[in-house]
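Survey of secondary and tertiary structure
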Amino acid sequence: MKKNSQRQLSTKGGDNFYHRIYGMVKVIPPGKVATYGQIAALAGSPRGARMVGWALHVLSDEQLVHTPWHRVINREGRISTTCFEHTCDEQALLLKKEGVIVRKSKGNYWIDLKQFQWKV
DNA sequence: CTTATGACTTTCA
DNA sequence: CTGAAAGCCATAA
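Computed from a predicted structure; not experimentally measured.

Description of a nonpolar patch on the surface
A grouping of M51, W54 and V58 is seen on the molecular surface, where their side chains present a nonpolar patch of about 290 Å² in accessible area. By secondary structure assignment, the location of M51 is in helix 3 (residues 49–58). According to the relative accessible area criterion, M51 is partly exposed, its value standing at 32%.

Written out as structure tokens, the structure reads:
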């Protein structure tokens, strides 16, 4: 039997930590933000930051409404992908409404993690 | 089943 | 300090 470097049967296990990620994101209080690594660590995978991004990426529009994905940002306290589409603008707006100070710098939004990073 | 890529993070030089 | 590479799990082809 070869050692599977990558899990082909990803759907195996039943309890996908995807749902855990969603739960963590939903637990983020308003006016606070969390990083992918933080959510991943809380979800049980300290290095699963990418999965957090994927998890949010695969979320349906209706799920996005129930999930404060805008409170999830990268380690720099900045929005990833250099802003996908209008989503970044919406995120910044939502965060501002919650009281989070979002600085705009050359098309990128920066958030003060020292002040707004969600701490358990 | 294998290869490649991704809303990321951390470590080494 | 900056830059490059590896690591991680899952999805797509």
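Describing the pattern of salt bridges
Pairing between side chains of opposite charge can happen when the charged atoms of each approach one another. According to the stated counting rule, one finds two salt bridges in the structure shown. Put simply, E98 and R71 hold a salt bridge, and the shortest N to O gap is 2.7 Å. Placement of E98 in helix 5 (residues 87–98) and of R71 in the loop between helix 4 (61–66) and strand 2 (72–73) is noted, with a sequence separation of 27 residues between them. Given the relative accessible area of 26%, E98 is considered partly exposed. Linking E76 and R78 is a salt bridge whose minimum nitrogen-to-oxygen distance equals 2.8 Å. For E76, a relative accessible area of 43% corresponds to the partly exposed category.

As for helix 2 (residues 36–43)
Along helix 2, the residues classified as buried are Y36, Q38, I39, A40 and A43. Contacts from the buried residues of helix 2 go to helix 1 (17–27), strand 1 (34–35), helix 3 and strand 2. Phi for G44, located one or two positions after helix 2, is positive at around 115°.

Regarding the nonpolar core
Ranked by size, the top nonpolar core spans 17 residues in total, and within it I21, V25, I28, I39, V52, L56 and V72 carry the most contacts. Sorting the residues of this core by element identifies helix 1, helix 2 and helix 3 as the ones contributing at least two each. Per-element accounting of this core gives the leading share, five residues, to helix 1. The contacts of V52, once residues within four sequence positions are left out, are I21, Y36, I39, A40 and V72. Ranked by size, the runner-up nonpolar core spans 12 residues in total, among them V33, I73, L113 and F116.

Definitions and limits used
- Residues numbered from 1 in each chain as written.
- Chains lettered and ligands numbered in written order.
- Predicted model: local features only at pLDDT ≥ 70, side-chain atom pairs only at ≥ 80, totals over all residues.
- Heavy atoms only, no water.
- Patch = residues over 30% accessible without salt bridge, like charges linked within 9 Å, V, L, I, M, F, W, Y side chains within 5 Å.
- Areas by Shrake-Rupley, 256 points an atom, 1.4 Å probe, with all protein chains shown as cover.
- Salt bridge = Lys/Arg side-chain N within 4 Å of Asp/Glu carboxyl O.
- Helix = DSSP H or I, 4+ residues; strand = E, 2+ residues; numbered from the N terminus.
- Buried < 20%, exposed > 50% of the residue type's maximum accessible area, 1.4 Å probe, protein only.
- Contact = heavy atoms within 4.5 Å.
- Core = buried A, V, L, I, M, F, W, Y, C linked by side-chain atoms within 4.5 Å.

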